[in-house]
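The residues making up each chain are set out below.
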Amino acid sequence: MIISILTYVKPIQEVEKYLQQHNSYLDNYYNEKKFIASGRRNPRTGGVILMDATLEEAQEIAKHDPFLIHEVAEYSFIEFLPSKCAPEFTHLLK
């Protein structure tokens, strides 16, 4: 499992130009069951995406994000192996 952390590197006005495209990107990977949860950081300096993917898959998926393509955000990744979770998420334990 991967926690992807997006950090905006351009002003929010520039980021918002690509928000609709970014949301379509998110929808695509939710449909593919690769994304589990996502949202804005608070304060609004970027975002977070929880992925059901390997590190290599996550890095490849990120290449398709309009935020990265248009260089308004950078990605960093944290890989972790869940060992415990709420009962409704046991399918995520591998």
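Look a little higher up for the structure.
Residues numbered from 1 in each chain as written. Predicted model: local features only at pLDDT ≥ 70, side-chain atom pairs only at ≥ 80, totals over all residues. Heavy atoms only, no water.

## Side note on the pairing of strand E3 (residues 46-51)
This is how the line gets drawn: Strands are treated as partners if at least two bridges between them are detected by DSSP. Strands are runs of DSSP state E lasting at least 2 residues, helices are runs of H or I lasting at least 4, and numbering of each runs from the N terminus.
Where strand E1 (residues 2-8) meets E3, 6 bridges bridge the pair, whose relative direction is antiparallel. The partner of Ser-4 across the bridge, within E3, is Ile-49. Relative to E3, strand E2 (residues 35-40) is paired through 5 bridges, and the arrangement is antiparallel. Pairing of Gly-39 across the sheet is with Val-48, part of E3. Hairpin connection between E2 and E3: a loop of 5 residues separates the two successive antiparallel strands.

## Some points on the sheet that holds E2
Test applied: Inter-axis angles, ranging from 0 to 180 degrees, are taken between N-to-C directions of lines fitted to C-alpha atoms, where helices are fitted over the stretch in contact. Any pair of residues with heavy atoms lying within 4.5 Å of one another is described as a contacting pair.
Pairing within the open sheet is antiparallel, and its 4 strands lie in the order E2-E3-E1-E4. Each end of this open sheet is capped by a strand with a single partner; those strands are E2 and strand E4 (73-79). Averaged over all adjacent pairs, the angle separating strand axes in this sheet is 15 degrees, with direction ignored. Its contacts with the sheet put helix H2 (residues 19-31) on E1, E2, E3 and E4, and the angle it makes with E2 is roughly 160 degrees.

## Observations concerning the environment of Tyr-25
Going by this rule: Here's how the labels work: a residue is buried when its accessible area is under 20% of the maximum for its type, exposed when over 50%, partly exposed in between, all with a 1.4 Å probe on protein chains only. N or O atoms closer than or at 3.5 Å make up a polar contact, with two conditions inside protein: a donor-capable atom paired with an acceptor-capable one, and, for residues adjacent in sequence, both atoms drawn from side chains.
As for its position among the elements, Tyr-25 is in helix H2. Among the residues examined, Tyr-25 registers a relative accessible area of 5% and is labelled buried. In the structure, Tyr-25 is positioned 36 residues away from Ile-61 in sequence and 9.4 Å away in space, judged by C-alpha atoms. If near-sequence neighbours (up to four positions away) are discounted, Tyr-25 is found in contact with Phe-35, Ile-49, Met-51, Ile-61, Ala-62, His-64, Asp-65, Pro-66 and Tyr-75. Among the polar contacts listed, one links the side chain of Tyr-25 to the backbone oxygen of Ile-61, at a separation of 3.4 Å.

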